[in-house]
Each structure stands twice: as structure tokens, then as C-alpha cells.
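Examination of the molecular architecture
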Amino acid sequence: MTQQQQQGLQGPTPDDRPHPTGRRNSHGERIDPDTEAEQHPRTAVISALVENEPGVLSRVSGLFSRRQFNIESLTVGPTTVDGHARITLVVEETDAGIDQAKKQLKKLTPAIAVGELGTNAVQAELVLLKVRGEEPDKVHAITQMYEGQTLDAGPRTITVQITGDQRKIDDAIDAFRQFGIIEIARTGQTALARGDTPTTPGESPGESATATDDNQTLNYDD
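Conventions adopted
Residues numbered from 1 in each chain as written. Predicted model: local features only at pLDDT ≥ 70, side-chain atom pairs only at ≥ 80, totals over all residues. Heavy atoms only, no water. pLDDT = per-residue confidence, 0-100. Helix = DSSP H or I, 4+ residues; strand = E, 2+ residues; numbered from the N terminus. Axes fitted to C-alpha atoms, helices over the stretch in contact; angles between N-to-C directions. Parallel < 35°, antiparallel > 145°, perpendicular 65-115°, else oblique. Left-handed = near helix turned anticlockwise from the far one by under 90°. Contact = heavy atoms within 4.5 Å. Nonpolar A, V, L, I, M, F, W, Y, C, P; charged D, E, K, R; others polar. Salt bridge = Lys/Arg side-chain N within 4 Å of Asp/Glu carboxyl O. Buried < 20%, exposed > 50% of the residue type's maximum accessible area, 1.4 Å probe, protein only. Pairing = 2+ DSSP bridges. Expected span 1.5 Å × (residues − 1).

So, on to the confidence of the model for the protein chain. With 75% of its residues at a pLDDT of 70 or more, the protein chain has an overall mean of 82. Taken element by element, the protein chain is modelled with least confidence in strand S13 (residues 220-221), mean pLDDT 36, and with most confidence in strand S9 (residues 157-164), mean pLDDT 98.

Quick look at the packing of helix H3 (residues 56-67) against helix H4 (residues 95-107) now. Contact geometry for H3 and H4: axes closest at 11 Å, N-to-C directions at 140 degrees. Considering the angle they form, H3 stands oblique to H4. Handedness of the crossing formed by H3 with H4: right-handed. Residues Val60, Leu63, Phe64 and Arg67 of H3 touch H4, and the partners they reach there are Gln100, Ala101, Gln104 and Leu105. A per-class count over the contact of H3 with H4 returns 5 nonpolar, 2 polar and 1 charged.

Bringing the pattern of salt bridges into the picture now. One pass over the structure, following the stated rule, counts 12 salt bridges. For the salt bridge of glutamate 135 with lysine 138, the shortest nitrogen-to-oxygen distance reads 3.1 Å. The class for glutamate 135 is partly exposed, based on a relative accessible area of 33%. Relative accessible area serves as the criterion here: at 49%, lysine 138 is assigned to the partly exposed category. In this structure, the salt-bridge partner of aspartate 170 is arginine 186, at a minimum N-O distance of 2.8 Å. One end of the pair, aspartate 170, is in helix H6 (residues 166-176); the other, arginine 186, is in strand S10 (residues 181-186), with 16 residues separating them in the sequence. Taken together, the salt bridges that share partners define one network made up of Arg42, Asp95, Asp99, Lys102 and Glu116.

With that settled, consider the sheet that holds strand S4 (residues 71-78). With antiparallel pairing, 4 strands are arranged side by side in an open sheet as S4-S5-S3-S6. Across the chains shown, the open sheet's two edge strands, defined by having one partner strand only, are S4 and strand S6 (111-116). The mean angle between the axes of side-by-side strands here comes to 15 degrees, regardless of whether they run parallel or antiparallel. With 7 bridges connecting them, S4 and strand S5 (residues 84-93) associate as antiparallel partners. Of the residues in S5, the one forming a bridge with glycine 77 is arginine 86. Contacting strand S3 (42-51), S4 and S5, H3 runs over the sheet at an angle of about 15 degrees to S5.

Further remarks concern the side chain of threonine 94. If you trace the backbone, threonine 94 turns up in the loop between S5 and H4. In this view, threonine 94 contacts Gln39, His40 and Pro41; residues no more than four positions away in its chain are not counted.

With that out of the way, let us pick up H4. Compared with the 18 Å implied by 1.5 Å per residue over 13 residues, the 19 Å span of H4 between its first and last C-alpha is a close match. Turning to H4, its buried residues number three or more, namely Gly97, Ile98, Gln100, Ala101, Lys102, Gln104 and Leu105. Summarising the contacts, the buried residues of H4 are in contact with S3, H3, S5 and S6.

Below, the structure written as C-alpha cells:
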């Protein structure tokens, strides 16, 4: 053994070495406490194109459950491309959390493209409300006021359907409370970008995507 090996490497002792002053957040990222305190949660709508294969939804929900993201709603459905599905996520997180959510989605094997929608996106959801039927005329009036539809009417209950943006749905629910809401089923938001802007990066209707990078134009097969 050489003298250098016996003495060890030159340098400061462990106690004298600099140590990070921040800590890691719930997503495993090292953060500065002062910086974290300045961040405020916001609501973001994330759209992901994925391969429509068994287990995709469970992978996405499992991913967000492990990472403890604050999910307000999650919807999934087919697109114009055979074999593809669109997942729409509404999350309430800080900017760092939203960025991390998008990064984690991109890592999933079935993911094709992931993007965040702007505030001017076209958003809508559907709610089914079953209310008491003692005052059918008033229920019908409220349903018409919110451009809804009566799906079932009986002597004891009335079930109506309302569609629209989140604010309209919230207002409609509040209006129906006066009759007594028995049951409620709410889909959560789904959304598309306005105009000819792709909802996810590089998306082209009716064609098949082959790339996944947010900053890369996707190649499509005829």
C-alpha cells in the first residue's frame, strides 16, 4: 500500500463539506424552503394521447396515486385515431408539481404525446342529478334554465342531465339542492384546444402518431 493510499484522498472532512440547504418534496425533487413557500397551487388541464390497450387507465391512476398528485378529475375516451385514447386530467398543484405530472405521464410506455391546455381551451363536463319529484314543474324550470334534459320522471324522483363548463355545473347543482338531491354522478372535465391548435403537441386528426417529445413535431403515417 502506498503512502497516498494510507493517508487517503486530500480534501475537507465530511463535516467541512457543503451540504444542500433544501429538502426533497413529495415528488423526490430537492427544493429550497423559501422557494416552495412562494409557490401556490393552480388548476391545470393535461391532455395525454395513449395507446388504447388494457391496463392503461390503471397505470395512470397508480402513477398519480404513488406520487400523491392532487387529481380533481380524470376522463378517458377514444379519439379519431383507431387504437388511440385521450386521457384528460385536471390537477391542482404548484407549477413544479404540474411539470412533474407531465414528465411522469411521458414516461409511461403507452404514452404518445402529453401537453397542458391553455386557459382558453374548450372545456365541458356532464352531471346526472336525481332529485325528489314532489315539485316537477319547478324541477323542469330549473332544468330548462341550465339547458338540461330530463332523462327520467316518476312520482317520487326526477333525473336530469346538465352539460357545460365547471362553473355552470356547480351553479346547477346548487340550484337543484332546494328539491333534495338523492344521487349525483359527475364525469369530470374533458377538453380540447380552441381553433386549429392541436390539443396535444403535434396531434393531427385521423392520423397515427409515432413520436412523444413535447418539443418535437410528431411524424404521422397515412
